[in-house]
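Below are the chains, spelled out letter by letter.
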Amino acid sequence: MPDYRTVARVSAVPSGRGTVVTVKGQDIAIFNVQGKFYAVDNRCPHQDYPLGMSPIFDNLVICIGHAWRFDIKTGECYSVPGVRVQTYEVVVEGDEVKIRNDAIPGESAARR
C-alpha cells in the first residue's frame, strides 16, 4: 500500500487557488479545483517562475512569468509541446491533503 504524506489542510487552500509546500527539499504546488486537489512541481521549466502562485483557470495553471500554460492534471505544457512538469498523486482524507510520498525525490536527488 502506498505511503502518503500530509502536506496541507483542505481549509488552507480555497477553491480556485494554489499554494506551495516543501517536501523532502522539493517545492510542490498544490491546487484546489472545485474541491479536487492536484500537485505539480512548483517551478516552470521555462525560467523557474513559481507555478503555485500563478492563476488557475479550469485545469490550467498559467505561469506568472511568460504565460506558459500547464494542465495541472497531466503536467503537459500547452504553450510548448513536449514540455511538462512533474505531477504527483494526491489524496484527501478529512481536512488533510496528502501526496504519495515515494513519488517525491529526496533532497539529494532534487539537487542533482
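Everything discussed here concerns the structure shown above.
Not measured: the values here are computed from a predicted model. (Residues numbered from 1 in each chain as written. Predicted model: local features only at pLDDT ≥ 70, side-chain atom pairs only at ≥ 80, totals over all residues. Heavy atoms only, no water.)

Novice: Outline the sheet that holds strand β10 (residues 96-100), listing residues and values.
Specialist: Taken in spatial order, the three strands of this open sheet run β1-β10-β9, and their pairing is antiparallel. Each edge of the open sheet carries a strand with a single partner, namely β1 (4-9) and β9 (90-93). Here the average twist between neighbouring strands, direction ignored, is 35°. Two strands pair when backbone bridges link them, and β9 and β10 are joined in this way by four bridges, in the antiparallel orientation. Within the sheet, the bridge partner assigned to V90 lies in β10 and is I99. (Pairing = 2+ DSSP bridges. Helix = DSSP H or I, 4+ residues; strand = E, 2+ residues; numbered from the N terminus. Axes fitted to C-alpha atoms, helices over the stretch in contact; angles between N-to-C directions.)

Novice: Describe in detail the sheet that holds strand β8 (residues 87-88), supporting the description with residues and values.
Specialist: Across the sheet, four strands lie side by side as β2-β3-β4-β8; this open sheet has antiparallel pairing. Single-partner strands in this sheet number two, and they are β2 (17-23) and β8. Pairing between β2 and strand β3 (residues 26-33): seven bridges, direction antiparallel. Note on β3: the bridge partner recorded for V21 is I28.

Novice: Give a detailed account of the packing of aromatic side chains, specifying residues and quantitative values.
Specialist: For the structure on display, the rule yields one aromatic pair. Between W68 and F70, the aromatic rings sit 6.5 Å apart at their centres with planes inclined by 40°, giving tilted as the arrangement. A relative accessible area of 1% places F70 in the buried class. (Phe/Tyr/Trp six-rings, centres within 6.5 Å; stacked < 30°, edge-to-face > 60°. Buried < 20%, exposed > 50% of the residue type's maximum accessible area, 1.4 Å probe, protein only.)

Novice: Explain the pattern of salt bridges to me, and be specific about the residues and the numbers.
Specialist: Applying the stated criterion across every chain, the model contains five salt bridges. Between R100 and E89 there is a salt bridge, and its shortest N-O distance comes to 3.4 Å. Remark: E89 occurs in the loop between β8 and β9 and R100 occurs in strand β10; sequence separation between them is 11 residues. With a relative accessible area of 38%, E89 lands in the partly exposed category. With a shortest N-O distance of 3.4 Å, K98 and E96 are connected by a salt bridge. Of the residues examined, E96 reaches a relative accessible area of 24% and is grouped as partly exposed. Connected via shared salt-bridge partners are R9, E93, E96 and K98. (Salt bridge = Lys/Arg side-chain N within 4 Å of Asp/Glu carboxyl O.)

Any functional reading would require information beyond the geometric quantities listed.
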